[in-house]
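Given next are the chains, with one letter for each unit.
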Amino acid sequence: MRWQTDPLLQVEHLTMRFGGLVAIDDLSFTAGRGDITALIGPNGAGKTTVFNCITGFYKPTEGRLAFARTGIAAPAGVDALTNTGARFAYEPSGDIYLLERMPDFEISAQARVARTFQNIRLFAGMTVLENLVVAQHNPLMQASGWTVMGLLGIGGYARRESEAVDKAKSWLDSIGLLERADDPAGDLPYGDQRRLEIIRAMCTDPVLLCLDEPAAGLNPRETAMLNELLLTIRDEHNTSLLLIEHDMAVVMQISDHVVVIDYGVKISDGTPEFVRNDPKVIAAYLGVSDEEVEQVESEIGADGGAR
Amino acid sequence: MSAAVSEQKDDQAAGRMAKALRESAFAGLVTAGLSFPILALRAEPDIRNQLQLQPRWSWLVTAVLLVASARFLALMLDTVRARALAAAGLLLCAFGFGSAWFSPLATASLIGGTILAGLICIGAGFFVDRSHIRKSGPGLLARFAASPAGQTLTSSGAWVGIGMLVAFPLVMLGWLGPAGSLKWINNYGVQILIFVMLGWGLNIVVGLAGLLDLGYVAFYAVGAYSYALLATTFGLSFWICLPLAGILAAFWGIMLGFPVLRLRGDYLALVTLAFGEIIYLVLINWVDLTNGEAGISSIPRVTFFGVTFYDEKGGFSDLFGLPYSPIYRTIFLFYLILFLALLTNFATLRLRRLPIGRAWEALREDEIACRSLGINTVNTKLTAFALGAMFGGFAGSFFAVRQGFVSPNSFTFIESATILSIVVLGGMGSQIGVALAAVVMIGGTELLRELDFLKQLFGQGFDPTQYRMLIFGLAMVVMMIFRPRGFISTRSPSIFLKERKAVSSEFVGQGSG
């Protein structure tokens, strides 16, 4: 189990309160390097809140989010970093980032955790190509000498920009959207917008890519294309994935590890097969009350055996 | 069968006519109700200085007839072209009747001619409307602009435009002589170019970054007072003060930027408005520094790289062996502001192709997405404020060196509003649109001074410039109805693979901050 031997992200005792509402209550789980980790749960379970905590859009009320960008995060190293009050440490065993201490844009720029949104957030009035070039803002900013050199036209900005365009082209080619590079992003069909948002996030060279319901609103053919894209990202680009998803076809087919939460509490954690047969998960999804759990459990046990 | 069809058509036409008559009568009634106290009654003091009401029924009748017939024609005509023709015809008729009624000087041929021309125009409108074949797709002009020949023309058009601007003062000087050309170079050339530059500067903040700034004139004031104070106190030359004024204005841009970082929309607009007022009030009340309402006078005038434009030995005219005239200073100022405006334009066009410019536009489209892509939105907003303010500061120090006198009254809210409306009218983010809007707004205001012939119609007491704000407001309302996204409503992408396709305004965001 890679999420136990080589954890990329360790979420420990994460708690998020909004006033009196406890959206996430003492949630701990890990995501393995090179895994596709799915975060599932019924509506309102707190999945997107977990995402917003990991990507810095919310400051967690409590908890630690240790992200080992490279190497293996030794528990002693993480504890030492926690005690210093610094945001990150470059240990000999690997670089560690404490995401709960970092603002959102640094999480993307430095820790290299990218994300997409449940309601697509493309730059609708900019072209497809521009969207992908904006995603490479930080390296390009450096190449333009923080605008000063670029404004004067000295330094290697033009070369670096054409490299950025090449990168964008290769990503567009991989999802078959190269022909539409000069069209406004808002003009694309819905399924293409979803995939464009994913490759835009990939243009930031992330180590971990967080996808919030990537298959929402897609037809079966588009879902199949999405699965293919996500597997390509995992296998060929050394990027681990963390995804929130309701479409069980996506979750069960491509994920290596599934974490189930309900009412902000983790109720199951394991391989897709394990979770699928976990009576607690079935109870949460089908809305069985606690007293009936045992009964359902026995029924499911028989059912599981038949499968 | 065919008889039945034609009967049905007649029925339809009659129904339409009846509906149009009904609605135009209603429009006339509304006009009468709304304008009765303003048009039909006039309060005049009599000999004992008591106000007496004088009825002006002819005014009211004219207004009601005009509105009712405009409404009737609008309902009877379907196409824009036909309506425009009819409107022109209606105005001609109104002019004809008006001169017959009001003007003592009008001749019968003038009256008859204008009324006849107006009626012909309206008739032509009906003819155009009936013979019009509905076409789908973009208009002729849009199709031409999109074609390769059109694109070459528009890109070379910019150079032709710059060439014409460079030649403008010399052509004017040759044509009208030193005395006659002064007005054109100063009031039209320099004045318009100042607002073109201010519009381009504000365009960075409002058009590109999507941050609504209602206090832009504050940076113009900072630039003007920087030059005025530095030049009068330390005797620094214009070319040293210009960058200093820019830096100081940029500094104040950042000062404004910090508190408004978290604000959006209405709140941002309110705080920037307040900032503009704060600067204005400080200029009035800090008398020790700014000399209050009296302003700072005898600011060193512009020199030709050290050569003054005065009538003296070693002055510009003397040095080049020309007869003395103040026109040379104005021409130099024209080239100076042309240079500064083009510098602003060049920098903005360049910035749009740099990561910072793209980040501004991305910020306007979606700030949250920007942050998820690792863009530091704080720095991005602050650079937008700082650079926009810097160009405002440059323009301000030019203003000070041109006038030789600055006072707080040059930096009131109305200036901010004018600059902002230039940006909105031009089409947010479009450089050429902003330049066009500045020409229309500032040049249009100046042109009102030229409309002396209206005095023949309305009497000697009539001053067209007094109606400046009324016309300006009407023009804005008409603009917002017909072109709500400004003259140039499409966005030109900053980078492309195969072809540069203009992005339609329906996709482009207007910024929430």
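Being a predicted model, the structure only gives us computed values, none of them experimental. (Residues numbered from 1 in each chain as written. Chains lettered and ligands numbered in written order. Predicted model: local features only at pLDDT ≥ 70, side-chain atom pairs only at ≥ 80, totals over all residues. Heavy atoms only, no water.)

A.B. asks: When you look at the nonpolar core in this model, what are you seeing that I'm missing?
C.D. replies: General note: in soluble globular proteins, nonpolar side chains tend to be found buried as a group. Leu196(A), Leu209(A), Leu230(A), Ile233(A), Phe398(B), Val406(B) and Phe411(B) are the most contacted members of the largest nonpolar core, which totals 150 residues. Of the residues forming this core, the biggest block, 17 residues, is contributed by helix 6 (residues 148-208) of chain B. What Phe398(B) contacts, discounting residues up to four positions off in sequence, is Val190(B), Ile194(B), Phe238(B), Leu333(B), Leu336(B), Ile337(B) and Leu340(B). Membership of the second largest hydrophobic core comes to 31 residues, among which are Leu14(A), Ala31(A), Val50(A) and Ile244(A). (Core = buried A, V, L, I, M, F, W, Y, C linked by side-chain atoms within 4.5 Å. Buried < 20%, exposed > 50% of the residue type's maximum accessible area, 1.4 Å probe, protein only. Helix = DSSP H or I, 4+ residues; strand = E, 2+ residues; numbered from the N terminus. Contact = heavy atoms within 4.5 Å.)

A.B. asks: What is the right way to read the confidence of the model for chain A from this model?
C.D. replies: If pLDDT is low for a region, its predicted coordinates should not be looked at in detail. All names here are of chain A. Across chain A, the average pLDDT comes to 85, with 93% of residues at 70 or higher. Summarising per-element confidence for chain A, the mean pLDDT is lowest in helix 14 (residues 293-306) (53) and highest in helix 5 (residues 128-134) (94). Here residues 302-307 is a poorly scored stretch, pLDDT under 50, and it has two contacts once near neighbours within four places are set aside; other chains count. (pLDDT = per-residue confidence, 0-100.)

A.B. asks: I tried to follow the domain arrangement of chain B on my own but got confused; where do I start?
C.D. replies: For interface size, the figure often reported is the accessible area lost on association. The assigned domain composition of chain B is domain 1 (14-131) and domain 2 (178-450 + 483-507). The gap between the C-alpha centroids of domain 1 of chain B and domain 2 of chain B is 42 Å. (Domains from an automatic or database assignment.)

A.B. asks: Would you take a moment to explain the packing of aromatic side chains for this structure?
C.D. replies: One pass over the full model with this rule turns up 19 aromatic pairs over all chains. Relative to Phe275(B), the ring of Phe219(B) lies with its centre 5.8 Å away and its plane at 35°, an arrangement referred to as tilted. One end of the pair, Phe219(B), is in helix 7 (residues 217-234); the other, Phe275(B), is in helix 9 (residues 265-285), with 56 residues separating them in the sequence. According to the relative accessible area criterion, Phe219(B) is buried, its value standing at 1%. Its relative accessible area of 13% is what places Phe275(B) among the buried residues. Here Phe251(B) and Trp252(B) contribute two aromatic rings whose centre-to-centre distance is 5.8 Å and whose plane-to-plane angle is 75°, an arrangement assigned as edge-to-face. A network of ring pairs unites the aromatic residues Tyr220(B), Tyr225(B), Phe399(B) and Phe411(B) as a single cluster. It is Arg121(A) that lies over the ring of Phe117(A); its NZ or CZ is 5.6 Å from the centre. Across from the ring centre of Phe123(A), 4.7 Å away, lies the NZ or CZ of Arg200(A), which sits over that ring. (Phe/Tyr/Trp six-rings, centres within 6.5 Å; stacked < 30°, edge-to-face > 60°. Lys NZ or Arg CZ within 6 Å of the ring centre and 35° of its normal.)

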